[in-house]
Amino acid sequence: MNGLHHALMRVNLNENTVTREEISEELAEQYLGGTGLGVALLCTEIPSGVDPLGPENEVIIATGPLNGTRVPTSGRFSLVTKSPLTGTIFDSNSGGFWGVWFKTCGFDALVINGKSSSPCYIAIEDQSVTIKDASECWGMDVDATTDFLISQEGKNAKVLCIGPAGENLVKIASIMNDRHRAFGRGGVGAVIGSKNLKALVVKPGKQKVIISDPESLKAFVKTAVDKIIQAPITGRSMPNFGTAGLVNVINTFGLFPINNHQAGASDLANQISGEAIRKQLLVESEACFNCPIGCGRLTKTETMNGKGPEYESVWALGAECGVFDLQQVANANYECNRLGIDTISAGVTIACAMELNQRGIADTGVNFGDGDKIIPLLRQIASREALGNELAEGSFRFASNYNSPQYAMCVKKQELPAYDPRGAQGQGLAYATSNRGGCHLRGFLVGMEILGVPKKIDRFGVAGKADILVRLQNGTRVTDSLVTCKFAEYSIGSDHLSRFLTAVTGKSYSAADLDVIGERIWNLERLFNLREGFSRTDDTLPERFMTEPFEDGPSKGVVVHLQDLLDQYYEVRGWDEMGVPTDQTLEKLSLRRLA
Amino acid sequence: MFAPPEIYEEFRRIGQFLDRRMLISSHAGNISTRHGNKIYIKRRGAMLGDLKPEDVIETGLNDLDSSILISSTETGVHQAIYNATSHLAVVHCHPPHVVALSMIEDDITAIDAEGAFTIKRIPVVSYPHPVGAIESAIYVPPVLQNYPVVCVRSHGIFAGGVTLEEAYMYATIAEEVATIRYLTLLTGKPILTDASERGKFDIW
């Protein structure tokens with residue numbers, strides 16, 4: 001199938017070796033690339049019960065058939081591993097240029113295992129992968145590491161690296177890409193750190209992939225770009241306000257979590273909104289490779305500069321902690337990026353510490369609204385000092401140490417993003433069933449329940465939500481395997497993606513075919529998690545969402561009816577009542593031999 | 001056997017819209033939604049413009065059950081569509097301009113900007129007995145795998161979507177596209193701006 005090099009590189013850090021392997025036609029057809037390829041490899045290559053921070057765990061970085069083509073938003077790439085935060089299979093996704101340059105070197109994927117005896121980094125250039133010494137930059141933050149490696153490898157190098165948080169095995173550590181972009185969630189930075197791997201540096205190569213039908217692709221791309229540019233979300237809101245354009249909208253509907261999800265709206269939200277960022281911080285917009293949306297924001301405060309904050313970050317480090325000072329929130333976001341910490345998990349974990357203090361459960365010394373204490377706490381987390389050492393484990397483990405896990409706003413130990421499900425029932429089901437724990441990018445029901453894309457549905461209703469969610473979840477697996485950006489899907493759908501894929505690969509794919517591929521990947525992830533001991537009891541939400549309605553605001557009086565939704569969901573998925581795929585489902589998806 | 005109130009209410013609403021826009025005759029057309037391994041579908045003989053709670057029937061996606069006694073004549077087509085596509089709702093109706101153009105064209109291409117932006121093209125399928133389920137169940141689903149709307153020549157359209165409202169939207173867009181095309185052709189004058197030329201819809 002065209003669009004791929006059909007080649008992966010294995011890096012064994014135990015033995016300091018690099019080997020090249022072929023990716024079979026069958027594997028490519030069934031899993032496409034990106035996340036799908038990574039999931040297929042991880043599920044078959046690492047044994048059950050592997051320590052996520054042990055040498056046996058693998059990190060798989062992969063691009064897909066659409067990367068580097070003229071398809072809009074095709075600059076993204078995926079990472080798959082077993083997460084130290086959740087214990088689940090975990091895929092993450094990042095943008096920028098790193099992935100496209102990696103593909104030009106002649107590879108579709110990089111599979112890393114083992115542990116280096118000393119700090120190292122991986123240098124990738126045209127048809128070549130080399131393991132190099134990183135002793136000099138071990139201990140540096142992300143900015144310094146990036147500067148150092150560019151000085152070593154040349155100005156055209158793109159750097160993917162960890163900061164001190166990853167080195168210190170912080171379970172909410174991220175991997176930073178081009179300084180400000182991230183494989184943010186799940187503690188994937190700690191996995192890299194556990195391997196003594198500081199960075200992966202890539203320089204553009206010369207290897208091209210064959211596009212089967214460039215003329216058709218050109219025509220399909222034209223119609224897609226027209227739609228992306230003309231649609232209000234991708235054509236106007238995101239370019240003008242970035243993802244933080246959501247703040248005022250989500251707050252208006254009463255599902256903008258405040259103070260560790262104790263409320264769903266605040267009169268102060270506008271102070272940290274996309275409009276406020278545009279007015280007070282914006283320097284210029286920025287776009288990933290071949291992206292007509294350009295949602296990135298280069299910004300500066302009175303004392304710092306960087307990128308963002310994104311919607312989730314401005315919420316987690318702001319409203320969730322009761323902080324509405326935009327300067328403080330933006331600086332905390334920059335600091336997370338510099339230290340290599342996930343902004344969502346950091347903010348929600350600190351908010352948890354604030355609530356335990358508020359309730360007299362733990363004397364954490366930090367209260368809602370203490371914006372000046374956020375950055376010192378982030379530094380403690382990254383270096384695992386004082387309270388930071390407890391918070392470095394994430395909110396669930398932290399709160400559990402005080403016998404109060406109910407105040408950890410997480411699913412499968414991963415902190416939740418910025419949409420309270422009491423204001424969007426379907427999003428609650430999406431959180432509960434996400435294979436990587438609390439996440440909005442594994443089925444964004446808010447798109448329909450609040451934003452009305454592709455069509456508005458009753459946000460408090462239950463009927464039909466499971467069916468819609470399954471389609472959306474399958475769709476995320478496809479998008480992350482092609483690999484394109486989910487934001488483009490505010491404008492274009494699987495009808496476009498199937499045509500892109502057909503034109504690139506030369507194999508005929510319909511939208512329905514893509515749904516089946518997505519379903520296969522989702523179920524394989526589920527099988528991995530079942531193997532690791534997860535079950536229906538883990539497909540749940542913080543108790544607060546199911547028992548404590550908001551007392552006021554546009555979403556008041558509502559709780560999530562999770563068990564009803566979950567029963568529907570399992571039935572739609574073709575799983576039994578405990579959430580195990582039935583034989584019939586596995587047979588349909590050609591997964592029986594992997595069960 | 002009957003749909004829960006939340007689902008009935010949506011059927012009633014969309015049924016009224018189809019009737020008011022004259023996309024069906026009084027007792028024609030049918031609509032359905034999929035929920036896991038079951039579907040809800042309009043009862044045979046019921047008027048879409050005046051649906052009662054007992055007019056929305058639950059039946060299986062694959063299994064034959066006694067609901068077939070009262071469910072829509074075209075239940076089999078709806079089942080086949082759900083089995084072959086990722087649609088979660090289907091609207092079947094008889095928009096006059098789409099059906100009229102299907103008599104003379106093999107596919108109906110949008111020449112207006114709105115239609116070009118949304119559905120681009122309505123493929124037309126043709127077979128000897130277009131009214132009823134058996135052949136429609138063979139010819140319609142493959143097209144709906146890649147298009148939101150398909151027209152059965154001299155009969156009507158099937159439109160799919162994530163929700164009933166979305167499928168209804170595609171049905172109305174199809175009729176709008178066909179109406180504009182029909183009226184424009186009727187003038188006999190050359191088209192100054194054909195939106196379909198921009199995106200090369202012959203390959204879409």
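Analysis parameters
Residues numbered from 1 in each chain as written. Chains lettered and ligands numbered in written order. Predicted model: local features only at pLDDT ≥ 70, side-chain atom pairs only at ≥ 80, totals over all residues. Heavy atoms only, no water. Helix = DSSP H or I, 4+ residues; strand = E, 2+ residues; numbered from the N terminus. Expected span 1.5 Å × (residues − 1). Buried < 20%, exposed > 50% of the residue type's maximum accessible area, 1.4 Å probe, protein only. Contact = heavy atoms within 4.5 Å. Salt bridge = Lys/Arg side-chain N within 4 Å of Asp/Glu carboxyl O. 1 Å grid on protein atoms, 1.4 Å probe; cavity = no way out; pocket = protein on both sides within 12 Å on 5 of 7 lines; lining within 4 Å. Points joined across faces, edges and corners; volume = space filled by probe spheres on them. Nonpolar A, V, L, I, M, F, W, Y, C, P; charged D, E, K, R; others polar. Phe/Tyr/Trp six-rings, centres within 6.5 Å; stacked < 30°, edge-to-face > 60°. Lys NZ or Arg CZ within 6 Å of the ring centre and 35° of its normal. Pairing = 2+ DSSP bridges. Axes fitted to C-alpha atoms, helices over the stretch in contact; angles between N-to-C directions. Parallel < 35°, antiparallel > 145°, perpendicular 65-115°, else oblique. Domains from an automatic or database assignment. Buried area = accessible area lost by both parts, 1.4 Å probe. Polar contact = N/O pair within 3.5 Å; in protein donor to acceptor, adjacent residues only side chain to side chain. Core = buried A, V, L, I, M, F, W, Y, C linked by side-chain atoms within 4.5 Å.

1. With respect to helix H21 (residues 511-531) of chain A
Side chains of residues three or four places apart in an α-helix project in the same direction, reflecting 3.6 residues per turn.
Residue and element names in this part refer to chain A.
Inference 1: The end-to-end C-alpha separation of H21 is 31 Å, in line with the 30 Å expected for 21 residues at 1.5 Å each.
Inference 2: Taking burial as the measure, the 21 residues of H21 include 17 buried ones, the bulk of the element.
Inference 3: The first or second residue beyond H21 is Gly533, which carries a positive phi of 100°.

2. Looking at the interface of chain B and chain A
Inference 1: Between chain B and chain A, the residue contacts involve 28 residues of the former and 32 residues of the latter.
Inference 2: Across the contact surface, chain B and chain A share 0 salt bridges.
Inference 3: Counting residues per element, the ones that place at least two in the side of chain B that touches chain A are helix H1 (5-20), strand S1 (30-35), helix H4 (113-118) and helix H6 (164-187) of chain B.
Inference 4: Looking at the side of chain B that touches chain A, the element that brings in the most residues is H6 of chain B, giving 3 residues.

3. Regarding the layout of surface pockets
Inference 1: When its volume is computed, the second largest pocket comes out at roughly 650 Å³.
Inference 2: Among the elements of the structure, helix H19 (465-482), H21, helix H23 (562-573) and helix H24 (583-588) of chain A together with helix H2 (75-84) of chain B are those that each provide at least two residues to the lining of the second largest pocket.
Inference 3: Here the lining of the second largest pocket gets 4 residues from one element, more than from any other, and that element is H21 of chain A.
Inference 4: By residue class, the composition of the lining of the second largest pocket is 7 nonpolar, 13 polar and 8 charged.

4. A look at the environment of Pro142 of chain B
All names here are of chain B.
Inference 1: Take Pro142: it is sitting in helix H5 (residues 136-144).
Inference 2: Residue class for Pro142 comes out partly exposed when judged on its relative accessible area of 45%.
Inference 3: Through-space distance from the C-alpha of Pro142 to that of Ile7 is 27 Å; in sequence the pair is 135 residues apart.

5. Here's the deal with the packing of aromatic side chains
Inference 1: Going through the model one piece at a time under the given rule, you end up with 16 aromatic pairs over all chains.
Inference 2: Consider the rings of Phe220 of chain A and Trp204 of chain B, whose centres lie 5.6 Å apart with planes at 75°: the pair is edge-to-face. On the criterion of chain membership, the pair formed by Phe220 of chain A in helix H7 (residues 214-230) and Trp204 of chain B in the segment after H6 is interchain, its members lying in two chains.
Inference 3: Relative accessible area serves as the criterion here: at 6%, Phe220 of chain A is assigned to the buried category.
Inference 4: A network of ring pairs unites the aromatic residues Phe77, Trp98, Phe102, Phe107 and Phe183 of chain A as a single cluster.
Inference 5: Arg499 of chain A extends its terminal NZ or CZ atom over the ring of Trp204 of chain B, reaching a point 3.9 Å from the ring centre.
Inference 6: Here the guanidinium or amino end of Lys120 of chain B rests over the ring plane of Trp204 of chain B, the centre of that ring lying 4.7 Å away.

6. Some remarks on the sheet that holds strand S7 (residues 120-125) of chain A
Residue and element names in this part refer to chain A.
Inference 1: With mixed pairing, the 6 strands of this open sheet are ordered in space as S8-S7-S12-S9-S10-S11. Only two strands of the sheet have a single neighbouring strand rather than two, namely strand S8 (128-133) and strand S11 (181-183). Between one strand axis and the next, the sheet turns by 20° as a mean value, whatever way the strands run.
Inference 2: Contacting S7, S8, strand S9 (158-161), strand S10 (175-177) and strand S12 (197-202), helix H4 (residues 142-153) crosses the sheet at an angle of about 140° to S9.

7. Examining the pairing of strand S6 (residues 121-125) of chain B
Residues and elements named next belong to chain B.
Inference 1: Burial analysis of S6 places 5 of its 5 residues in the buried class, which makes it a mostly covered element.
Inference 2: Of the strand pairs in this sheet, strand S5 (residues 107-109) and S6 are connected by 3 bridges, and their pairing is antiparallel. Considered in S6, the bridge of Asp107 is made with Pro123.
Inference 3: Examined bridge by bridge, S6 and strand S7 (residues 149-152) share 2 bridges and lie parallel to one another.

8. A closer look at unusual backbone geometry
All names here are of chain A.
Inference 1: Each neighbour pair has its own omega, and for Gly308 with Pro309 the value is 5°, a cis peptide bond.
Inference 2: With respect to the helices, strands and loops of the structure, Pro309 is situated in the loop between strand S15 (305-307) and helix H11 (311-316).
Inference 3: Omega for the bond connecting Leu482 with Val483 falls within 30 degrees of zero, at -10°, which places this linkage in the cis form.
Inference 4: With respect to the element layout, Val483 can be found in the loop between H19 and helix H20 (494-505).
Inference 5: Phi is positive for Thr73, which is not a glycine, with a value near 65°.
Inference 6: A positive phi is found at Ser590, a non-glycine position, where the angle reads about 60°.
Inference 7: The residue Ser590 is located in the segment after H24 in this model.

9. What about the packing of H19 of chain A against H21 of chain A?
Residue and element names in this part refer to chain A.
Inference 1: Viewed as axis vectors pointing N to C, H19 and H21 meet at an angle of 95°, and their least axial separation amounts to 7 Å. As summarised for this structure, H19 and H21 are arranged roughly perpendicular, according to the angle between their axes. Where H19 approaches H21, its residues Arg471, Gln473, Asn474, Thr476, Arg477, Val478 and Ser481 are matched on the opposing element by Leu514, Asp515, Gly518, Glu519, Ile521, Trp522 and Glu525.

10. A look at the domain arrangement of chain A
Residues and elements named next belong to chain A.
Inference 1: Under the domain assignment used here, chain A contains domain 1 (7-203), domain 2 (246-415) and domain 3 (421-588).
Inference 2: Taking only C-alpha atoms, the centre of domain 1 and the centre of domain 2 are 26 Å apart.
Inference 3: The interface is formed by 39 residues belonging to domain 1 together with 32 residues belonging to domain 2.
Inference 4: Together domain 1 and domain 2 conceal approximately 2700 Å² of surface at their shared face, both sides included; 54% is due to carbon and sulfur atoms.
Inference 5: For domain 1, the biggest contributors to the area lost against domain 2 are Ile172, His180 and Arg185; these three give 26% of the whole.
Inference 6: Remark: the boundary between domain 1 and domain 2 carries 4 salt bridges.
Inference 7: The closest approach of N and O atoms between Arg338 and Asp141, which form a salt bridge, is 2.6 Å.
Inference 8: Connecting domain 1 to domain 2 are 23 residue pairs in polar contact (both at pLDDT 80 or more).
Inference 9: Breaking the side of domain 1 that touches domain 2 down by element, the ones donating at least two residues are H4 and helix H5 (164-167).
Inference 10: Of the residues forming the side of domain 1 that touches domain 2, the biggest block, 3 residues, is contributed by H5.
Inference 11: Looking at the side of domain 1 that touches domain 2, its residues break down into 15 nonpolar, 16 polar and 8 charged.

11. Brief notes about the sheet that holds S15 of chain A
Strands in a sheet are paired, the pairing made by backbone hydrogen bonds, and the direction either parallel or antiparallel.
Residue and element names in this part refer to chain A.
Inference 1: As summarised here, the arrangement of the 3 strands in space is S13-S14-S15, forming an open sheet in which the pairing is antiparallel. Either end of the sheet is taken by a strand with one partner, and the two such strands are strand S13 (282-286) and S15. Sheet twist, expressed as the mean angle between neighbouring strand axes with direction ignored, is 15°.
Inference 2: Where S13 lies against strand S14 (residues 296-300), 4 bridges are found, and the strand directions are antiparallel. Along S14, the bridge assignment pairs Ser285 with Arg297.

12. Examining the nonpolar core
Inference 1: The biggest cluster of nonpolar side chains holds 160 residues, and the ones touching the most others in it are Phe256 and Phe500 of chain A.
Inference 2: The biggest single contributor to this core is helix H13 (residues 343-358) of chain A, with 9 residues.
Inference 3: Residues contacting Phe256 of chain A, with those up to four places away along its chain left out, are Val247, Ile250, Asn251, Ala263, Gly264, Ala265, Ala269, Ile272, Tyr311, Trp315 and Ala319 of chain A.
Inference 4: Core analysis: the next-biggest nonpolar cluster, separate from the first, contains 37 residues, Ile31, Ala110, Cys151 and Ala174 of chain B among them.

13. Comments concerning the pairing of strand S5 (residues 89-94) of chain A
Inference 1: Of all the 6 residues making up S5 of chain A, 6 are buried; the element is thus mostly covered by neighbouring parts of the structure.
Inference 2: Linking two consecutive strands that pair antiparallel, namely strand S4 (residues 77-82) of chain A and S5 of chain A, is a turn of 6 residues; a positive phi of about 80° is found at Gly87 of chain A within it.

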